[in-house]
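Structural description and commentary
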Amino acid sequence: MQNKKQLIDYKSKQKFIAYLLIMPSFLAFSVFMFWPLIRTFYLSFFSWNMIKPVKEFVGLSNYIDIFTNPITYKVMGNTLLYILILLLLNFVAPYILSFILSVVITKAKGFYKSVIFLPSVISLVVGSILYLWILNPISGPVAIIAKFFGITLPIWSKTDGLVIVVISLITSWKIFGYNFIVVLAGVSGVPTEIIEAAKIDNIPMYKIFLDIVIPMSSATGIYVLIMTIVQGLQYVFTPIKVITQGGPNYASSNAIYNAYQEAFVLYKTGSASAFAIITMLLFVILLILEFKYVERGVYYEN
C-alpha cells in the first residue's frame, strides 16, 4: 500500500515538473499567438480605425461586406494561384532536382548544393530589388537581351496574371534552396539497394522516381508540402510590398497582404480582422483535408 502511495506521489511530482517545463512555451504562445487571435476575433465584430477612442459594434457586418465585395474573390483567386505556382516551383521542382542530384549525377554534388542553397541566405528585400532591376522592361539586362532578338518585354508589374508569376518566381528564388536541401535529405534516405535493383531490372528512371523514391520519401514530402503553402504565402508578402503594393487593381494582392492593407493602410481594423479570421479558417480547412486525404499515403520508416 505504501509502495502504491509512493508511486502516485512520484507520478504527481513528475507531472508537476512536466507542466513546469511546458509553462514558458505556453506563456510565449499565449502572449504572441492565443491572445492576438482572440483579440483579432473580437475586433472583427467592430468598426474601428485604431484612432477613435470608442469602437462601434457592427455584429456580422464586416463578414457580410467581405463576402459581398468582388475584390474578396479576386484576392482569394490570386491566393489560390500563388499556392499553385509555389507548389509547382518549390515542391515539384525540388523533388525532381533532388532525384537527379541524388541518383543521376555522381560528381560535384557539393558544388550544386551550395549554388542552389545560396539564395536562401540573401534577404528577400534585396532579392526583390535585384529582380526589379533585372526584369526592368526598359533598361534591365533581360530587356537588353530581348531587344537584341527584336522582342519587347511587357510591363509585368502592371499586367494582370503576369505580375503573380513574376512575384512567385522571386519568392521561389528565396525559398527554393531550403526546400531543395530538405527534400534532398529525404530522397537520399531511400535505400540505394532498392534503386540499384530497379536499375538492374531495366526499370525506367521516371518509374523509379514515381513508384519508389516519392513513396519512400513521402514523410519529408508532406512536411515540404505544408511548409511551401504556409511559408510561401508569408514570404510572398515582401515582394508584393516592395514592388507592387497589391496593384494593379488588386491583381497581385493575396489574402495575407490584403488583411495587412485593410488594417495598416486603409485603417479598417474590423474588416481586416474579419478577413484575417476567414483566411485562417481557410488554411485550417486545407490542413484538415491534407491530413485526412494526403497523410494516409505517407510512408514512415520503422
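Residues numbered from 1 in each chain as written. Predicted model: local features only at pLDDT ≥ 70, side-chain atom pairs only at ≥ 80, totals over all residues. Heavy atoms only, no water.

1. A short note on the packing of aromatic side chains
Selection criterion: Put simply, two rings from Phe, Tyr or Trp (the six-membered ring, in Trp's case) pair if the centres are within 6.5 Å, and we call them stacked under 30 degrees between planes, edge-to-face over 60, tilted for the rest. Here a strand is any run of E in DSSP of at least two residues, a helix any run of H or I of at least four, and the numbering for each starts at the N terminus. Relative accessible area decides the class of each residue, using a 1.4 Å probe on protein chains only: under 20% of the type maximum gives buried, over 50% gives exposed, and in between gives partly exposed.
The full count for this structure, using the stated rule, is 16 aromatic pairs. Ring centres 5.5 Å apart and planes at 70° place the aromatic pair Tyr 131 and Trp 173 in the edge-to-face group. Of the two residues, Tyr 131 sits in helix H5 (residues 124-134) while Trp 173 sits in helix H7 (residues 162-188), which places them 42 residues apart along the sequence. When its relative accessible area of 18% is taken as the criterion, Tyr 131 is described as buried. On the basis of an interplanar angle of 90° and a centroid distance of 5.1 Å, the ring pair of Phe 237 and Tyr 260 is categorised as edge-to-face. One end of the pair, Phe 237, is in helix H11 (residues 237-244); the other, Tyr 260, is in helix H12 (residues 255-264), and 23 residues separate them in sequence. Classification of Tyr 260 by relative accessible area gives partly exposed; the value is 24%.

2. What about the UniProt feature "domain: ABC transmembrane type-1" (unreviewed entry) in the protein?
To be explicit about the condition: UniProt positions are given in the numbering used here, feature names are shortened, and annotations may be inferred rather than shown by experiment.
Within the UniProt annotation, "domain: ABC transmembrane type-1" (unreviewed entry) is assigned to residues 76-290. Counting secondary structure, residues 76-290 comes out at 76% helix and 0% strand; the distance between its end C-alpha atoms is 19 Å.

3. Here we look at the packing of helix H10 (residues 218-235) against H11
What counts is decided by this rule: Axis lines are fitted through C-alpha atoms, for helices just across the contact stretch, and the angle between N-to-C directions can take any value from 0 to 180 degrees. By the definition adopted for this analysis, an angle is roughly parallel if under 35 degrees, roughly antiparallel if over 145, roughly perpendicular if from 65 to 115, and oblique otherwise. Contacts are assigned to residue pairs that have any heavy atoms within 4.5 Å of one another. For this classification, Asp, Glu, Lys and Arg are treated as charged, while Ala, Val, Leu, Ile, Met, Phe, Trp, Tyr, Cys and Pro are nonpolar and the rest, including Gly, are polar.
Interaxial distance between H10 and H11 falls to 4 Å at its minimum, and their mutual angle equals 20°. The orientation of H10 relative to H11 falls into the category roughly parallel. When H10 is examined against H11, the residues Leu 233, Gln 234 and Tyr 235 are found in contact with a partner set consisting of Phe 237, Thr 238 and Pro 239. When its residues are assigned to classes, the contact of H10 with H11 shows four nonpolar, two polar and no charged.

4. Focus on the nonpolar core
Just so we agree on the cut-off: Grouping buried Ala, Val, Leu, Ile, Met, Phe, Trp, Tyr and Cys residues that are joined through side-chain atoms within 4.5 Å yields what is termed a nonpolar core.
Of all hydrophobic cores here, the largest spans 36 residues; its most connected members are Tyr 82, Ile 208 and Val 213. Broken down by secondary-structure element, the contributors of at least two residues to this core are helix H3 (70-104), H5, H7, helix H8 (192-200), helix H9 (205-216), H10 and H11. With nine residues, H3 is the largest single contributor of residues to this core. Apart from residues no more than four positions distant in its own chain, Ile 208 is found in contact with Phe 99, Ile 195, Ala 198, Lys 199, Ile 203 and Val 213. Of all hydrophobic cores here, the second largest spans 11 residues; its members include Phe 46, Val 75, Ala 255 and Ala 259.

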